[in-house]
Number of protein chains: 2
Amino acid sequence: MNTERTKPVENLHHVVIVGGGFAGIQCAKSLKNANTRITLIDQRNHHLFQPLLYQVATTILPTSEIAWPLRRLFKGRDDVTTLLAKVDDVDPVAKQVRLTGGRDISYDTLVLATGARHSYFGNDSWAAHAPGLKTIEDATNIRRRILLAFERAELTNDPDLRRAYLTFAVIGAGPTGVELVGIIAELAQRVLPKEFRHIDTRQARVLLVEAGPKVLPSFPGTLSEYAQKSLVKLGVEIKLGNPVTQCSGDGIQLDGADIGCKTIIWAAGVQASPASEWIGSTSDRAGRAVVTDTLTAQQYPDIFLVGDTASVTDRAGKPVPGIAPAAKQMGKYAARVIRARCANKAPPAPFRYLHAGSLATIGRRSAVADFGKLRFKGSFAWWVWGLAHIYFLIGTRSRFAVAWSWLWSFFTGHNSARLITGDEKPKV
Amino acid sequence: MNTERTKPVENLHHVVIVGGGFAGIQCAKSLKNANTRITLIDQRNHHLFQPLLYQVATTILPTSEIAWPLRRLFKGRDDVTTLLAKVDDVDPVAKQVRLTGGRDISYDTLVLATGARHSYFGNDSWAAHAPGLKTIEDATNIRRRILLAFERAELTNDPDLRRAYLTFAVIGAGPTGVELVGIIAELAQRVLPKEFRHIDTRQARVLLVEAGPKVLPSFPGTLSEYAQKSLVKLGVEIKLGNPVTQCSGDGIQLDGADIGCKTIIWAAGVQASPASEWIGSTSDRAGRAVVTDTLTAQQYPDIFLVGDTASVTDRAGKPVPGIAPAAKQMGKYAARVIRARCANKAPPAPFRYLHAGSLATIGRRSAVADFGKLRFKGSFAWWVWGLAHIYFLIGTRSRFAVAWSWLWSFFTGHNSARLITGDEKPKV
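Residues numbered from 1 in each chain as written. Chains lettered and ligands numbered in written order. Predicted model: local features only at pLDDT ≥ 70, side-chain atom pairs only at ≥ 80, totals over all residues. Heavy atoms only, no water.

### Side note on the packing of aromatic side chains
If you walk through the whole model with that rule in mind, you get 24 aromatic pairs over all chains. On the numbers, 5.0 Å between centres and 70° between planes, the contact of Phe376(A) with Phe380(A) is edge-to-face. Taking 6.2 Å as the distance between ring centres and 45° as the angle between the ring planes, the aromatic pair formed by Phe150(B) and Phe196(B) counts as tilted. With a gap of 46 residues between them, Phe150(B) in helix 4 (residues 136-155) and Phe196(B) in the loop between helix 6 (175-191) and strand 12 (205-210) connect regions that are remote in the sequence. Of the two residues, Phe150(B) and Phe196(B), both sit in the buried class. By the ring-pair criterion, three or more aromatic residues cluster together here, those being Tyr120(A), Phe121(A), Trp126(A) and Trp266(A). Positioned above the aromatic ring of Phe196(B) is the side chain of Arg71(A), whose terminal nitrogen or guanidinium carbon lies 3.9 Å from the ring centre. (Phe/Tyr/Trp six-rings, centres within 6.5 Å; stacked < 30°, edge-to-face > 60°. Helix = DSSP H or I, 4+ residues; strand = E, 2+ residues; numbered from the N terminus. Buried < 20%, exposed > 50% of the residue type's maximum accessible area, 1.4 Å probe, protein only. Lys NZ or Arg CZ within 6 Å of the ring centre and 35° of its normal.)

### Concerning a nonpolar patch on the surface
Residue and element names in this part refer to chain A. A surface patch of nonpolar side chains, about 330 Å² in accessible area, is lined by Trp383, Leu407 and Phe411. Its place among the elements puts leucine 407 in helix 11 (residues 396-412). In this structure leucine 407 comes out as partly exposed when scored by relative accessible area, which is 37%. (Patch = residues over 30% accessible without salt bridge, like charges linked within 9 Å, V, L, I, M, F, W, Y side chains within 5 Å. Areas by Shrake-Rupley, 256 points an atom, 1.4 Å probe, with all protein chains shown as cover. Salt bridge = Lys/Arg side-chain N within 4 Å of Asp/Glu carboxyl O.)

### A closer look at helix 10 (residues 379-392) of chain B
Residue and element names in this part refer to chain B. Here helix 10 spans 20 Å end to end across 14 residues, near enough to the 20 Å set by a 1.5 Å rise per residue. Among the residues of helix 10, those classed as buried are Ala381, Trp382, Trp385, Gly386, His389 and Ile390. Buried residues of helix 10, seen end-on, are gathered within an arc of 165° and therefore sit on one face of the element. Along helix 10, the residues that are exposed and aim more than 90 degrees away from the buried face are Phe380, Leu387 and Tyr391. (Expected span 1.5 Å × (residues − 1). Arc of directions from axis to C-beta.)

### Points about the nonpolar core
Counting residues in each nonpolar core, the largest one holds 122 residues, and the members touching the most others are Leu112(A), Phe150(A) and Leu208(A). Setting aside chain neighbours within four positions, we find Leu112(A) in contact with Val18(A), Val90(A), Ala275(A), Trp278(A), Ile279(A), Ile303(A), Phe304(A), Leu305(A), Val306(A) and Thr309(A). Residues Trp68(B), Val111(B), Ala326(B) and Phe351(B) belong to the second largest nonpolar core, which totals 119 residues. (Core = buried A, V, L, I, M, F, W, Y, C linked by side-chain atoms within 4.5 Å. Contact = heavy atoms within 4.5 Å.)

### Some words on the sheet that holds strand 12 of chain B
Residue and element names in this part refer to chain B. The strand order 13-12-11-17 describes an open sheet built from 4 strands, whose pairing is parallel. Across the chains shown, the open sheet's two edge strands, defined by having one partner strand only, are strand 13 (236-240) and strand 17 (263-266). Taken pair by pair, the neighbouring strands of this sheet meet at an average axis angle of 20°, ignoring direction. Helix 6 contacts strand 11 (167-171), strand 12, strand 13 and strand 17 of the sheet and is inclined by roughly 170° relative to strand 12. Lying on the sheet, helix 7 (residues 221-234) is in contact with strand 12 and strand 13; it crosses strand 13 at an angle near 135°. (Pairing = 2+ DSSP bridges. Axes fitted to C-alpha atoms, helices over the stretch in contact; angles between N-to-C directions.)

### Considering the interface of chain A and chain B
On the side of chain B, 68 residues touch chain A, which itself brings 67 residues to the contact. Taken together, the links from chain A to chain B amount to 2 salt bridges. We note a salt bridge from Glu151(B) to Arg71(A), for which the minimum N-O separation is 2.6 Å. Applying the counting criterion to the chain A and chain B interface returns 15 residue pairs in polar contact (both at pLDDT 80 or more). (Polar contact = N/O pair within 3.5 Å; in protein donor to acceptor, adjacent residues only side chain to side chain.)

### A look at the environment of Phe150(B)
Residues and elements named next belong to chain B. Assessed through its relative accessible area of 1%, phenylalanine 150 is described here as buried. A C-alpha to C-alpha distance of 46 Å links phenylalanine 150 and valine 16, two positions 134 residues apart in sequence. Residues in contact with phenylalanine 150, not counting those within four places in the same chain, are Leu166, Phe168, Ala188, Leu192, Phe196, Ile199, Thr201 and Ala204.

Okay, here's the thing in structure tokens:
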């Protein structure tokens, strides 16, 4: 092999970044020209724009429009080496990460940006019946389940089974849950009715189940109320104040009653990746590592923890939310600290989270937006939301492609990505 | 359920079409206003534009741009009921098709358009190592294998393993094989080099293996020679005149020699679906049912066999090729016969295949086109090919989306659909 190409110089300060999500790639980006060499390790070959994942799960966007090969992002950065590999453990004393298969990679500085998965609060057997939404495969799995439910309802002659296939339950009324039910209701009410001959898809039940007292718990009351009313108008049934006590292949149990339901989606809780276990750090209830005010591990100043795997609070003592802008701010901050250290300069002031705002869409043409003093709702908020997301999408082509898919969907009422893929074969 | 909607009238002549490929949907389309009711059954929810499947396998197009929900195609046709179901058998005496799960559907006329799968000529164990290309999952599987091979080559320190990961073999030099190697060679030579740090992707070996004496066997000699020269220029190694004698996880065996190779793609042969077995028909070597000159089963005039599952010859006695235009002509012809019968009119003249032409692309900017007297090659042929395929794509949005993806890829040299998805986890 030709080895004279773009290999980074070996004796530079070596930063290993584990995880190519928002925090990890922001850190790598912010280390441009920092005179370091970077190894970016991820078990997937793509960065995923998670805020739009629910649109893949609900047939609005195709998979390729929200995922971008990590290599491609750093094509022009000779200082960045990308490895598709899984990290199993960290040896913080020997300063090595261990890959599956046994290979060790040494680091001078380690950035752990390994994110979170959904959590079933101890009921792990629910996972098979109530998939969550974190990866491309999660999204195509949910898309397959939703579309197959309508197909099987059309095919069966058993009225109870048909009713169960036409009942959809989303557990958790945070932004993801609200966004999912909005689009599912629109699918049933507006997109699909003319395509079926034996069932009336408009009679589908779309349930949003939330243990707490309101939808969008982190939003101001007026916006929560607006979201709730808008969802009801779209045909969503909202069940507040009781946690789900059972999820099975037949349905859910709620407040002592069984609801027959063949499609359940979990949007209720997350659990951090095991990064804090790798380094023996103390962690919070969701498994996030407790970090110093420079985002480093408490015992190891050369290990940073950023994004969803770090437990960080804002000035008011409130936990920093698990959203893309927070992850990016942490990644950027870690890069600043590394840069200062490499240049033997004074460290920057402690990390401080700046909350830009909260957004959630309701169906295909409405949204709520909370920017502190400024609050929007309805179609104006939807346009704000759409422009913000298109702006933050990585890669010129994705921006155009997503904008095009949305405008197409908006003006025609069609959804463009209604593929049932995967191994599960139709049966009744 | 509301039953007053769009259910077809029960006492109309009932045409059951099995298979939503080119032949099946053309038949349903051509039966518009024929005063029949149609049930279209497919085990997938989408029509697949198979001629472009190789572009999904090679990262040029995302999956959603070449597949279209069957229901959507017939949304406005109240006479068409679409069922997502698998047919297991046909009872030609009781005039019923049996679905998986045991449900029977009665027909007055049956159209079997169930297509073909790839065939390993008796070496079925090769399937695991040398996947073929017929479904969306086949394409994403091959895409994953190609992209993972580069990733694993980057990750390993073993030079032999690295060489095997950087060797790609496509078996069969018909249009699909030629199209696949062209794009794989371009990926290695032009798209990927700047993204890897430890390997030089330009040193990848891309092999095209053909048992016969030339590439594109069905094309005129001048175009075959042109294709061969163009492929060599793109960096493809062409091995003619010997069949592959072994495919395994380590590579292929050819002319007595082992070639280490981690990615093998099968483009060498097809086998018809079991439709002819269902009805006890005689069939040819590839399992295609022998049909009458009106495309009906020899014993059952109310059963049509169309597309890749029918053995049909043209006027010169040559087998009709397994390509989309041939399938469409058969589907259309079957509809004409059904229409004539329902109207008690004289049957149309026997089916006659009209060969419009043959096209194959070579890499991203060249092609060969054979329209009998008119023959084109090079970039002009590529534009002819591109416009023809965009024209025939179903659905306005897909046309725009595909055109956009191609122009993007053409002008920027980027490939837009480089996702590794699916369950296989990285390992070295």
